[in-house]
Amino acid sequence: MARSIAGFCAEFIRILVTLTWPVSDYVLNFLYGLFMGATKQLPPIENKILLLSAIELAAKIRTKELSCEEVMKTYVERAKIVHPYINAATDERYEDALKDAKKVDEFLASGAKSELEIARDTPLLGVPFTCKEAIGVKDMRQNSGLVRYKDHIAEEDSDTAALYKKAGAIPLTVTNVPELCMWWESANHVSGLTKSPFDITRTVGGSSDILSLPQADPKKDESGQMLFSVDSELASVNGSSEEARLHGQIPALNECLMIMVNGAVVFIPDLA
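In this report, the structure presented in the accompanying data block is examined. Treat the numbers as computed from the prediction; the structure is a model and nothing was measured.

**A look at the overall build of the protein chain**
Part 1: The secondary structure content of the protein chain amounts to eight helices and eight strands.
Part 2: Sorting the 272 residues of the protein chain into buried and exposed places 40% on the buried side.
Part 3: For the protein chain, the computed accessible surface area is about 15500 Å², with 59% contributed by carbon and sulfur atoms.

**Considering the pairing of strand β2 (residues 128–132)**
Part 1: Burial analysis of β2 places five of its five residues in the buried class, which makes it a mostly covered element.
Part 2: Of the strand pairs in this sheet, β2 and strand β3 (residues 170–175) are connected by five bridges, and their pairing is parallel. Residue pairing for β3: Lys132 is matched across the bridge by Thr175.
Part 3: Chirality of the crossover, the property in question, places the unit of β2, helix α7 (residues 159–166) and β3 among those that are right-handed.

**Describing unusual backbone geometry**
Part 1: Each neighbour pair has its own omega, and for Trp21 with Pro22 the value is 10°, a cis peptide bond.
Part 2: Mapping Pro22 onto the fold places it in the loop between α1 (2–19) and α2 (23–36).
Part 3: Not every positive phi belongs to a glycine, and Leu180 is a case in point at roughly 55°.
Part 4: Locating Leu180 in the fold gives a position in the loop between β3 and β4 (187–188).
Part 5: The exposure class assigned to Leu180 is partly exposed, which follows from its relative accessible area of 44%.

**Points about the pairing of β3**
Along a regular strand, successive side chains alternate from one face of the sheet to the other.
Part 1: Within β3, six of the six residues are buried, which leaves the element mostly enclosed by the surrounding structure.
Part 2: As paired strands, strand β1 (residues 89–92) and β3 are joined by three bridges and run antiparallel to one another. Across the sheet, residue Ala89 finds its bridge partner in β3, namely Thr175.

**Here we look at the side chain of Arg93**
Part 1: Inspection of the secondary structure puts Arg93 in the loop between β1 and α5 (94–110).
Part 2: On the basis of relative accessibility, which here comes to 16%, the residue Arg93 falls in the buried class.
Part 3: Not counting residues up to four positions away in its chain, the partners in contact with Arg93 are Asp100, Met140, Ile170, Pro171 and Leu172.

**A closer look at the packing of helix α4 (residues 68–86) against α5**
Part 1: Running from N to C, α4 and α5 cross one another at 160°; their axes reach a closest spacing of 8 Å. Classified by the angle their axes make, α4 and α5 are roughly antiparallel. Helix-helix and strand crossings are classified by hand; for α4 and α5 the assignment is right-handed. Residues Cys68, Glu69, Met72, Lys73, Val76, Ala79 and Lys80 of α4 form the contact with α5, whose participating residues are Tyr94, Ala97, Leu98, Ala101, Lys102, Val104 and Asp105.
Part 2: Looking at the contact of α4 with α5, its residues break down into nine nonpolar, no polar and five charged.

**Here we look at the pattern of salt bridges**
Part 1: Summed over all chains, the structure comprises eight salt bridges.
Part 2: A salt bridge links Asp100 to Arg93; its shortest N-O distance comes to 2.9 Å.
Part 3: The shortest N-O distance in the salt bridge between Lys165 and Asp157 comes to 2.9 Å.
Part 4: Each member of the salt-bridge network shares a partner with another, and the members are Lys113, Arg120 and Asp121.

Parameters at a glance
Residues numbered from 1 in each chain as written. Predicted model: local features only at pLDDT ≥ 70, side-chain atom pairs only at ≥ 80, totals over all residues. Heavy atoms only, no water. Helix = DSSP H or I, 4+ residues; strand = E, 2+ residues; numbered from the N terminus. Buried < 20%, exposed > 50% of the residue type's maximum accessible area, 1.4 Å probe, protein only. Areas by Shrake-Rupley, 256 points an atom, 1.4 Å probe, with all protein chains shown as cover. Pairing = 2+ DSSP bridges. Right-handed = clockwise from strand over helix to strand, strands pointing away. Contact = heavy atoms within 4.5 Å. Axes fitted to C-alpha atoms, helices over the stretch in contact; angles between N-to-C directions. Parallel < 35°, antiparallel > 145°, perpendicular 65-115°, else oblique. Left-handed = near helix turned anticlockwise from the far one by under 90°. Nonpolar A, V, L, I, M, F, W, Y, C, P; charged D, E, K, R; others polar. Salt bridge = Lys/Arg side-chain N within 4 Å of Asp/Glu carboxyl O.

Printed below as a string of structure tokens:
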């Protein structure tokens, strides 16, 4: 009986909130603010490099308009500013990323390849990126929020990370997930709760927080911590991009019949 009453009340509230939107939205925001406090945003972006798209940045690096080392330093500095606010990164390779960036600059200075060849072979050369922690990046944490495996380090790159590296991109961090990626909020007992770059009193969504990190809109003071991020499965891309108001790209099912991550093969039926 009690369950029936509770279910009826929950359904009644859901319908009431839906029918009275957007008024209900303002009311709920007000009530939420009473408990969580005022909206809190990140420090504004000052370096315009953080506002370039991945394509623009890759082009400026290979034409030597910007040095890869300068770009990487910019992202490392911003990541260090942002992380204490949103708790997104679970592991970082700042020093190694800077070393990789120097190697990119040395390669470009050598003239071993033309700009056209670089664009063809390594279209993301020198561009920093981040991976959802569940997607392995060699020598970085990969515990998927499980306390039992909190010290686990990926022994090799996942196929996904390896492909981005092959395209020239440089991993900078891995980012937080719910335990085993099985929840709508990026929180666990290993790395804690990740917060939204729009308002650190709000959720960033899940099962991955990586979409809190891409290129920022200066009018909204978003994180500006990362250009693009590697995600997995439908809920992560849709849910997190919705929470962060960003674009999430999912391949069509008939274009993605087999996915390999760390040697595990997942078959998706052709539904076309």
